[in-house]
Amino acid sequence: MAANWLPPVALTASGRPIFLPGEVERYLLPAVDLEPGENSALLPLRSGLLVLTSHRLLWIDQSSTSGFAIPLAAVINAFHPKKSIRNMFASPRICIQVSSSPDGRVAENGTRSEVITVVMRGKNDPDAFYGRLMEVLRSRQWEASAAPERGDFGSGSPESATVATTERVRMPVVGVSGILRKEQELWESTDKSLQEAFQDLNALMSKAKEMVQLAEKMRLKLLSGSSAQGNPNDEEMGSKQEIQDWLLSVGIASPVTKESAGALYHQQLARELADFVKMPLEKAGGMIALVDVYCLYNRARGTALISPEDLLQACTLWKKFDVPVMLRKFDSGVMVIQSKAQRDEEVFARIASLAQNPDALRTGISPSDAALTLGIAPALAKEQLLAAETKGLLCRDVSLDGFRFYINLFTEIDPSDIYLIKNNGQVHLWLSSLSMSG
Amino acid sequence: MERLGDFKLPQFFNYPPLFTLQPVKETREKQVQLWKELILSYCRSQKIFLIGLEEDFPLFSNPVIERSLSHEAREVFLSALVNEGRAEWMDKGHRKCLILWLRIQEWADYILNFVKENGFEDSVMTIEEIRSGVETRGTELAGIDRGLLLRVLRLLEQKGKVAIFKGTSADDDGVKFSA
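Everything quoted here is computed from the prediction, not taken from an experiment.

Engineer: Is there a simple way to explain the sheet that holds strand β8 (residues 287–289) of chain A in this structure?
Structural biologist: What links the strands of a sheet is backbone hydrogen bonding, and the strands pair in either a parallel or an antiparallel sense. Residues and elements named next belong to chain A. With antiparallel pairing, the three strands of this open sheet are ordered in space as β8-β10-β9. The sheet is open, and its two edges are formed by β8 and β9 (325–329), each paired on a single side. The average undirected angle you get between the axes of adjacent strands in this sheet is 30 degrees. As defined by bridge partners, β8 adjoins strand β10 (residues 335–339) across three bridges and the pair is classed as antiparallel. Counterpart to Ala289 in the pairing with β10 is Val336. Helix α10 (residues 290–301) rests against β8, β9 and β10 of the sheet, and its axis sits at about 80 degrees to β8.

Engineer: I would appreciate a short explanation of the packing of helix α12 (residues 344–355) of chain A against helix α15 (residues 378–390) of chain A in the present structure.
Structural biologist: Two measures define how a pair of helices packs: the angle their axes make with one another and the distance between the axes. Residue and element names in this part refer to chain A. Where α12 meets α15, the axes come as close as 10 Å, and the angle between the chain directions of the two elements is 90 degrees. With respect to α15, the axis of α12 lies roughly perpendicular. Packed against α12, whose contacting residues are Val347, Phe348 and Ile351, the element α15 presents Gln384, Leu385, Ala387 and Ala388 at the interface. When the residues that make up the contact of α12 with α15 are grouped by side-chain class, the tally is six nonpolar, one polar and no charged.

Engineer: In this structure, what is going on with the packing of aromatic side chains? I would like to understand it.
Structural biologist: Centre-to-centre distance and the angle between the planes together describe a pair of aromatic rings. Applying the stated criterion to the full structure yields 19 aromatic pairs over all chains. Here the aromatic rings of Phe403 of chain A and Phe405 of chain A are separated by 5.2 Å at their centres, their planes lie at 25 degrees, and the arrangement is stacked. On the accessibility criterion, Phe403 of chain A (26% relative accessible area) is partly exposed. Taking relative accessible area as the criterion, Phe405 of chain A reaches 1% and is therefore assigned buried. Here the aromatic rings of Trp101 of chain B and Trp107 of chain B are separated by 6.0 Å at their centres, their planes lie at 65 degrees, and the arrangement is edge-to-face. Here the two residues Trp101 of chain B and Trp107 of chain B agree in accessibility, since each one is buried. Taken together, the ring pairs connect Phe7, Phe13, Phe19, Trp35, Tyr42, Phe57, Phe60 and Phe77 of chain B into an aromatic cluster.

Cut-off values and rules
- Per-chain numbering applies: the sequence of each chain, read as written, is numbered from 1 onward.
- Both sets of labels track the order of writing: A upward for chains, 1 upward for ligands.
- Given that the model is predicted, a residue must reach a pLDDT of at least 70 before its local features are reported, and side-chain atom pairs must reach 80 or more before they are shown or counted; all residues, however, enter totals for whole chains, interfaces and linings.
- Calculated side-chain values reflect all of the structure's heavy atoms, with hydrogen atoms and water omitted.
- Paired strands, in this sense, are two strands between which DSSP finds at least two bridges.
- Strands are runs of DSSP state E lasting at least 2 residues, helices are runs of H or I lasting at least 4, and numbering of each runs from the N terminus.
- Axis lines are fitted to C-alpha atoms, over the contacting stretch for helices. Their N-to-C directions set the angle, which ranges from 0 to 180 degrees.
- The contact criterion used is simple: two residues touch if any of their non-hydrogen atoms lie within 4.5 Å.
- Here the angle decides the label: under 35 degrees means roughly parallel, over 145 means roughly antiparallel, 65 to 115 means roughly perpendicular, and every other value means oblique.
- Lys, Arg, Asp and Glu make up the charged group, whereas Ala, Val, Leu, Ile, Met, Phe, Trp, Tyr, Cys and Pro make up the nonpolar group; the residues left over, Gly among them, are polar.
- Under the pairing criterion, centres of Phe, Tyr and Trp rings, with the six-membered ring standing for Trp, must be within 6.5 Å; the plane angle then separates stacked pairs below 30 degrees from edge-to-face pairs above 60, leaving the rest tilted.
- The buried label goes to any residue with under 20% of its type's maximum accessible area, the exposed label to any with over 50%, and the partly exposed label to all in between, with areas taken from a 1.4 Å probe on protein chains only.

This is the structure we're talking about:
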C-alpha cells in the first residue's frame with residue numbers, strides 16, 4: 001500500500017471526508033502530490049485532492065475512494081521555497097515540517113521530524129494556499145475542540161457554571177414537558193451567546209460553530225432521553241421526532257463554499273449534497289422533488305446559501321461520481337432526486353396495488369389520493385402515476401370531475417368478443433367492485 | 001347491463017377511461033380496437049349507415065357514468081374504421097361518416113347471393129324495392145343507405161352482373177340482375 005506513513009481518513013459514501021467535531025474546511029487544491037522526506041523509502045502520493053481544514057491537511061485520491069491525513073497538531077513548521085532559476089519551471093511546492101515517530105510515521109509529539117513536500121501540479125495559487133495554511137496553523141483551532149466539551153457555551157460566565165452544576169442534580173427528563181423545560185434552561189443560558197451572534201453577520205459566522213454544537217448537543221440529549229424512557233406515548237414521540245428532525249437539519253458544520261473550494265466548488269458540492277439528501281430521501285420514500293431539496297439543503301447550510309443553478313450543476317455532476325443518488329427528469333420537466341436503490345418496479349407495484357383496491361377500481365385515483373397513500377408530494381405522485389400510465393399499468397379518465405387514473409382494463413378485453421369476461425381477471429375484479437357499491 | 005335500443009352494451013361500457021382518448025400508444029391501440037368493434041356491431045344491429053360527428057349519437061355517450069366522447073375521439077375511432085375499409089368519410093371536413101359493417105365488396109357478394117337464393121336472376125327490381133320492398137324484408141338489404149346501394153350496384157354493373165337503368169323519376173331507377 002502506498003501510504004501507511006499517514007493516518008487514513010474516513011470518507012462518506014460519496015467521497016467527501018468525514019470531519020472531526022468542530023472541523024471546518026478552509027481550502028481545496030486539486031492535482032496535488034505529497035512527497036515524503038528525501039531520506040525516506042516511503043512512496044509518494046500522486047495527484048490527489050488536498051483539503052486544508054481547521055484541524056488537518058487531508059489528501060484524497062482522484063477517485064475519492066481513499067484518503068490520508070496530516071494532523072495540523074503534528075506540523076512544526078511550513079515554508080514556501082523562493083523561486084530560483086533552478087526551479088523556475090518546476091511545479092510550485094510547499095514544504096511542511098512534521099514530527100514523526102521513529103519508524104517514520106507522522107504523529108504528534110514525535111521524536112523525529114520529517115519534511116513533506118506538497119507539489120502542486122494543477123493551475124493553483126500556491127501563495128493563497130500558503131497564506132491560508134499559515135493562518136490556520138496560527139489559529140490552532142484543533143486545540144479548542146480537543147479540550148473537554150463541557151461548558152462550551154459562554155464559557156467563563158458565572159451563570160453557565162451554575163447551570164452546569166444544577167444540571168447534575170436535576171430530576172430526570174420525562175416527557176415533552178421535561179424536554180421543553182430543559183430547552184428553556186438551555187435557551188436562557190445561551191441567550192447571551194445568541195444575542196451576540198445576531199449583532200452582525202461576522203459575529204454570526206464566528207458563532208456558527210457554537211450554534212451547530214448547541215443543536216448537536218440538544219439532539220443527543222433528546223436521543224438519550226427517549227431511549228431512557230420506558231413507555232412514551234406516540235404523540236410525545238412524534239413531537240420529539242419533530243424536534244430532532246429540526247435539529248438534524250441544522251447540521252452542515254462545514255459547508256462547501258465557493259471561497260473554500262474554488263474551481264472544485266461544484267464537484268465538492270455534488271458530493272456534499274449526495275451525503276445530505278440521503279436522510280430526506282429515505283423519509284420521502286426514495287424520491288424527492290428538486291425544489292424541496294433546494295429548500296432543505298439551504299436551510300441546512302444556514303448562511304452559505306447556494307443558487308438553484310449551483311444545485312442543478314451539482315446534481316448533474318453526480319453522473320460522473322459513484323454516488324447512491326441520481327437526478328431524474330420526468331417528461332413533464334419536473335426534476336427529482338431519486339435514490340438509485342429505488343426501483344421503478346417497486347413504485348409501480350405499489351401503484352398497482354393502490355389502483356386495485358375496491359374504491360380505486362370504482363372511482364379511480366387522483367394524484368392527491370396517491371400522494372396521501374404513498375406519502376409523497378402530489379406533483380411527484382402525479383409523475384409516478386403518469387409513468388405507470390406510460391408503462392401500460394393505468395389509463396386515464398378526463399372529465400368534468402377532473403383527471404383520474406384507473407387500472408388498465410383495455411389490455412384484457414378481447415376485441416373479438418367484447419362480451420366475454422375472463423374469470424378472476426382485472427375486468428372481473430372491477431365489475432365486482434361496482435356491484436359492491438350497489 | 002343497459003341496452004341501447006335492442007343493442008346489448010358490453011360491461012366495459014361503464015368503464016370511464018373508455019371515453020377518454022388514451023395517450024399511451026399500446027393502450028390507445030387497444031381502445032381503438034374496442035371502439036371499432038362497438039361501432040360496427042351497434043350500427044349493424046340498429047341498421048345505421050351514417051354517423052354525423054356533430055350530431056348526438058347514442059353510442060358515443062354514457063349517461064350512467066356521465067361520460068361522452070370528445071369530437072377528437074370520435075374522429076380518431078371513425079378514421080381507424082376508414083383506414084380498414086370499414087367506413088368512409090362522406091365529406092372533406094369529416095363531418096359525416098358512412099359505416100360499412102359489410103365492406104363494398106361484401107355487399108356486392110351479399111346481393112348476388114340474395115339474388116341467387118331467391119331466384120331473381122333475369123328479373124328487375126327498383127332501387128326502392130330493394131331498400132324497402134317485401135322481398136328484402138328481414139335481410140341486411142332492408143333499409144340500406146341509398147347512396148351505398150347505388151355504389152354497390154355500380155360495382156356489380158362494372159363486372160357485368162347487373163344492369164342499371166333510369167326510370168321516370170329517381171324512385172323508378174331500376175336494376176336488372178343477370179343470370
